[in-house]
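If you want the building blocks of each chain, they are given just below.
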Amino acid sequence: MKTLRVLTVSLLSLLWAALVVACPRAALAEAFDRAAATDFAQLEASPSSVQLGASVDIIPQLVGDAAGCRFNYVWNYEDAWSDWSSTVLETGDETNEATWVFTPSRAGWYRIYVDVITPDGVKTTKSVDVGVSYPYDVNGMQVSASSIALGESVTVTPDVVGDAGGVRYNYVWQRGDTWDEWGSTVKDTGDTTASTSWTFTPSKSGLYHLALDFYHLDGVKQTLTTDVRVASGWSCEGIRLAAPERIVTGSSVTYACPAVGEAASYVRFNYVWQRDNWAEWSSTLLETGDYTADVDQVFAVPRSGYYVLYVDVYDTRSGEVATYERAFTAHPTNYMIAGATRGAVVSWLAGHQGGYYMGTPYCWTVRPSDCTYPVGSPRWDGFTGMNCAGFVAHAYQSCGANLAAITAATPFIPAGMGTNGEYVNAWRWYGYAISSGATTYTYDSVAALLADGKAEKGNLLFFYPLNLATTDCHLGFFWGDNPHQNLMWHSDPYGNRLSDIVNVAGPSRIMLIKGVPTD
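Quick caveat, the model's predicted, so the values are computed rather than measured.

About the cut-offs
- Residues numbered from 1 in each chain as written.
- Predicted model: local features only at pLDDT ≥ 70, side-chain atom pairs only at ≥ 80, totals over all residues.
- Heavy atoms only, no water.
- Helix = DSSP H or I, 4+ residues; strand = E, 2+ residues; numbered from the N terminus.
- Rg over C-alpha atoms; globule rule 2.2 N^0.38 Å.
- Buried < 20%, exposed > 50% of the residue type's maximum accessible area, 1.4 Å probe, protein only.
- Areas by Shrake-Rupley, 256 points an atom, 1.4 Å probe, with all protein chains shown as cover.
- Lys, Arg positive; Asp, Glu negative; His and termini not counted.
- Charge placed at Lys NZ, Arg CZ, Asp CG, Glu CD.
- Axes fitted to C-alpha atoms, helices over the stretch in contact; angles between N-to-C directions.
- Parallel < 35°, antiparallel > 145°, perpendicular 65-115°, else oblique.
- Contact = heavy atoms within 4.5 Å.
- Nonpolar A, V, L, I, M, F, W, Y, C, P; charged D, E, K, R; others polar.
- Pairing = 2+ DSSP bridges.
- Polar contact = N/O pair within 3.5 Å; in protein donor to acceptor, adjacent residues only side chain to side chain.
- Salt bridge = Lys/Arg side-chain N within 4 Å of Asp/Glu carboxyl O.
- Disulfide = S-S within 2.5 Å.
- 1 Å grid on protein atoms, 1.4 Å probe; cavity = no way out; pocket = protein on both sides within 12 Å on 5 of 7 lines; lining within 4 Å.
- Points joined across faces, edges and corners; volume = space filled by probe spheres on them.

Engineer: Explain the overall build of the protein to me, please; I cannot follow it from the model alone.
Structural biologist: Helix and strand counts for the protein come out as eleven helices and 33 strands. Its C-alpha atoms give the protein a radius of gyration of 52 Å, clearly above 24 Å, the size a compact globule of 519 residues would have. If you line up the protein on its principal axes, its C-alpha atoms span 165 × 80 × 35 Å. In the protein, which comprises 519 residues, the share counted as buried stands at 41%. Per element, the accessible surface of the protein, about 25,800 Å² overall, is 52% carbon and sulfur. The positive charge centre, built from 31 side chains, and the negative charge centre, built from 52, are 9 Å apart in the protein.

Here it is, written out as C-alpha cells:
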C-alpha cells in the first residue's frame, strides 16, 4: 500500500512538471485571471414589464472585465420559435455592445436570450422574460338596448379603459344565423374606423348578431359580440275562418289574419286561395296588382275540392312577408249516377211517394221485365212488383239515367254472386259505384254511418253481406232529412216502404254511394 501511494505522488509530480514546461507560469495565471474577469452572473431586463411602444434595456451582468467579449442578443415571442430574431440573424455577427435596447412590436410576453462569448471562445447563455401590455384594457362592448322595435336604433360602443388612441374598429351586423343579410364598416366604406361609437338602425325585424372587431395597436384583431332582437310591433295568431259547418260548392267563406300591436297599421294583406294542389288559384296581388288594407276576404267556393287559404301579411316598413295558411274541404252539392243527379232523383221521389211507390209488392224474379213496376205505373197486364234494385232503377230511369251503364258494370261483382238481372241486380249498382270512381264511404254499422254525417237524402245505401254464402245484398235510398236521421226508402220482402236503415237478409257492411261529383 505504501508503495502504491509513492507511485501516485510521483506521477502527479511528473504531470505538473510537464505542464510548467509547456505553459509558463505567467501564461497560466493570465488565463485563470481572464476567466475570472468574464463571469456571466445574471441577465437583467429593465424594466421587465412595459406597455406597447416602450423599450426595454437588456443588460448582461458580467463580473470583472468584459473587454473582448462578444454578444448575441436573441428574442422570441411567447417561447415559440415561429417568431424570433437575433443579432447574428440580423447583422451576420455578434456585437461588442454590452447592452441592448429592445422595442417589442406586439403585446404579450417575450423571452430574451443573451449569448456571451469570451475572447477564448467560451459561450455562456442566460435568459429573461419581458411582459408587454396595451396602454388600455378592453372590458367588452356596450349596447344601448338588447331589444328594440322596428324603426328604432341601437348604439354600440367599445368598453375601453385607458389610452386607446390609434385603435381601429370594424362594426358588423348580421340578421339571423346565415350571412344572407349583413353589413359592416369595412364592407360599406372600404376601411376600418377610429370612431368609438356606432348607431345601427335595423331595416327588418328579427334577431341580429352584432360584432365589434377591435384592431389593437399591434394589428391584432379581437372580436366582441352581442345580440339585439328587433320586434315588428305587430303579430298574427293565424287565419280565422267564418264558414258553414259543412262547406259546399257556392258557400261563402270569410277568412282573415288580423294583425294586432302598436305597429299593426303598417300591415297590408295578400289573400290567396288554391284548389287541389294549385289546379285553380287566385290572389289579391294577381287580381289587383297590390296588397290590400282590408282586414278580411270573402271567398265564394266555386266548386268542390280541397282548398288551402293563405294570407301573406306584408310589413310596409321593412318589406317583410309572413305567410299563414288554413285548409278546408268543399263538398259537392250534387252527384250524378249513370247520368242522373241526386237532386233530380230526390225531386222525382218526393213527388211520387204515397200511392205511386209505397206499398208495391216485392218481386222475387230478378228480371227487369218483372221488377220495375210500381203500383203507380203497373205493367201492361196490371202486374206490379219491384225488388230493391228495380225500385232504384225505376227512379233513376225516370230521371234520364242510362241504365245500360249499370248493366255493364260486372268486373267488381264478387265471384259466385251471379250477374243476371241486368240493372235490377243490386250487385251491378255496387260494381258501377266502384268502376265509375263515385264517391263512396263504407261503415261497419248504422250507428257509424249516422255519426259520420256524410249521408244526404237520395244517396244510395248498398249493404255488403258479411257472409256472402248465407246473406243477400241489398240496395235503397237514404231518406233522412239530416245526416243523422235513421231512415231509408227501399223495397224488401215487406214491400216498398220507409223504415230504419236495415238489410233484413242479415248482417252487412254499409256502403254510402254518393255518386260522381258534378260541381
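So that's the structure; there's more coming.
Engineer: For this particular structure, what's the right way to read the packing of helix 6 (residues 342-351) against helix 8 (residues 388-398)?
Structural biologist: Any two packed helices are characterised by the angle at which their axes cross and by the distance between the axes. At a minimum axis separation of 9 Å, helix 6 and helix 8 run at an interaxial angle of 110°. Considering the angle they form, helix 6 stands roughly perpendicular to helix 8. Residue-level contacts link Val-345, Trp-348 and Leu-349 of helix 6 to Phe-391, Ala-395, Tyr-396 and Ser-398 of helix 8. For the contact of helix 6 with helix 8, the class distribution of residues is six nonpolar, one polar and no charged.

Engineer: Is there a simple way to explain the pairing of strand 22 (residues 305-315) in this structure?
Structural biologist: The side chains of a regular strand alternate, first on one face of the sheet and then on the other. With nine of its eleven residues buried, strand 22 lies for the most part within the structure. As judged from the nine bridges shared by strand 19 (residues 267-275) and strand 22, these two strands associate in the antiparallel manner. Counterpart to Phe-269 in the pairing with strand 22 is Val-313. The sheet contact formed by strand 22 and strand 23 (residues 321-330) spans ten bridges and is antiparallel. Across the sheet, Gly-305 pairs through a bridge with Ala-330, a residue of strand 23. Linking strand 22 to strand 23, which pair antiparallel, is a turn of five residues; within it Gly-319 sits at a positive phi near 80°.

Engineer: Please clarify how helix 10 (residues 426-435) should be interpreted in this entry.
Structural biologist: One turn of an α-helix holds 3.6 residues; hence residues three or four places apart share an orientation. In terms of burial, helix 10 is a largely internal element, eight of the ten residues being buried. When helix 10 is considered as a whole, its buried residues turn out to be Ala-426, Trp-427, Arg-428, Trp-429, Tyr-430, Gly-431, Tyr-432 and Ala-433. A distance of 3.0 Å separates the backbone nitrogen of Trp-427 from a side-chain oxygen at the start of helix 10, and that oxygen is part of Asn-425. At the exit of helix 10 stands Gly-437, carrying a positive phi of roughly 75°.

Engineer: Could you clarify how one ought to interpret the environment of Tyr-357 in this entry?
Structural biologist: Relative to the assigned elements, Tyr-357 resides in helix 7 (residues 353-357). Sequence separation between Tyr-357 and Ser-282 is 75 residues, and the spatial gap between their C-alpha atoms is 48 Å. Once you skip the residues sitting within four places of it in the chain, Tyr-357 turns out to touch Trp-348, Leu-349, His-352, Pro-374, Met-386, Phe-391, His-394, Ala-395, Ser-398, Trp-489 and Asn-496. Engagement of the side chain of Tyr-357 in a polar contact is seen with the side chain of His-394, the distance being 2.7 Å.

Engineer: What is the right way to read the pattern of salt bridges from this model?
Structural biologist: Where charged atoms of side chains with opposite charge meet at close range, the side chains can pair. If you walk through the whole model with that rule in mind, you get 21 salt bridges. Its salt-bridge partner being Asp-191, residue Arg-168 comes within 3.7 Å of it at the nearest N-O pair. Separated by 23 residues along the polypeptide, Arg-168 in strand 12 (residues 168-175) and Asp-191 in the loop between helix 4 (185-189) and strand 14 (198-200) bring together distant segments of the chain. Between Arg-379 and Asp-381 there is a salt bridge, with its nearest N and O atoms 2.8 Å apart. Here Arg-379 falls in the buried class, since its relative accessible area comes to 17%.

Engineer: Please clarify how unusual backbone geometry should be interpreted in this entry.
Structural biologist: Negative phi values dominate among residues other than glycine, just as trans dominates among peptide bonds. The amide bond that connects Ser-46 to the next residue, Pro-47, takes the cis arrangement and shows omega of -10°. With respect to the element layout, Pro-47 can be found in the loop between strand 1 (39-46) and strand 2 (49-51). Positive phi, close to 50°, is recorded for Asp-276, a residue that is not glycine. Along the chain, Asp-276 falls in the loop between strand 19 and strand 20 (280-283).

Engineer: Help me understand the side chain of Glu-320, please; the structure alone is not making it clear to me.
Structural biologist: By the secondary structure assignment, Glu-320 is in the loop between strand 22 and strand 23. We classify Glu-320 as buried; its relative accessible area is 15%. Aside from chain neighbours lying at most four places away, what touches Glu-320 is Leu-150, Arg-175, Lys-204, Ser-205, Val-313, Tyr-314 and Asp-315.

Engineer: Explanation requested: the sheet that holds strand 22 in the structure shown.
Structural biologist: The strands that make up a sheet are held in pairs by hydrogen bonds between backbone atoms, and each pair lies either parallel or antiparallel. Strand order across the open sheet formed by four strands is 20-19-22-23, with antiparallel pairing between neighbours. Bordering the open sheet on either side are strand 20 and strand 23, each of which pairs with just one other strand. Sheet twist, expressed as the mean angle between neighbouring strand axes with direction ignored, is 15°. Pairing geometry for strand 19 and strand 20, over four bridges, is antiparallel.

Engineer: Just to check I follow, could you spell out the environment of Ala-404 for this structure?
Structural biologist: By secondary structure assignment, the location of Ala-404 is in helix 9 (residues 403-407). Placed 161 residues apart in sequence, Ala-404 and Ala-243 show a C-alpha to C-alpha distance of 41 Å.

Engineer: How should I be thinking about the state of the cysteines in this particular structure?
Structural biologist: Throughout the structure, instances matching the rule amount to zero disulfides. In this model Cys-473 remains outside any disulfide bridge; the closest cysteine sulfur is found in Cys-388, 6.1 Å from its own.

Engineer: Looking at this model, I keep getting lost on the layout of surface pockets. Mind explaining?
Structural biologist: Empty space among the atoms can be located by rolling a probe the size of a water molecule over them. Put simply, the largest pocket is a space of about 350 Å³. The wall of the largest pocket is formed by 22 residues, among which Tyr-362, Val-366, Cys-388, Asp-472 and Cys-473 lie closest to the centre. Secondary structure elements with two or more residues in the lining of the largest pocket: helix 8, helix 10 and strand 31 (488-492). Broken down by class, the residue content of the lining of the largest pocket amounts to 14 nonpolar, six polar and two charged. Taken as a whole, the second largest pocket encloses approximately 150 Å³ of empty space. Around the second largest pocket, the lining residues are Glu-245, Arg-246, His-331, Gly-453, Lys-454, Ala-455, Glu-456, Pro-483 and His-484. A class-by-class count of the residues in the lining of the second largest pocket yields two nonpolar, three polar and four charged.

Engineer: Mind showing me how you'd approach the sheet that holds strand 14 here?
Structural biologist: Across the sheet, which stays open at both edges, the three strands sit in the order 9-11-14 with antiparallel pairing between neighbours. In the strand order of this sheet, the two ends are held by strand 9 (136-143) and strand 14, each with one partner. Adjacent strand axes in the sheet meet at a mean angle of 20° when their direction is disregarded. Across three bridges, strand 11 (residues 154-162) lies against strand 14 in antiparallel orientation. Along strand 14, the bridge assignment pairs Val-154 with Phe-200.

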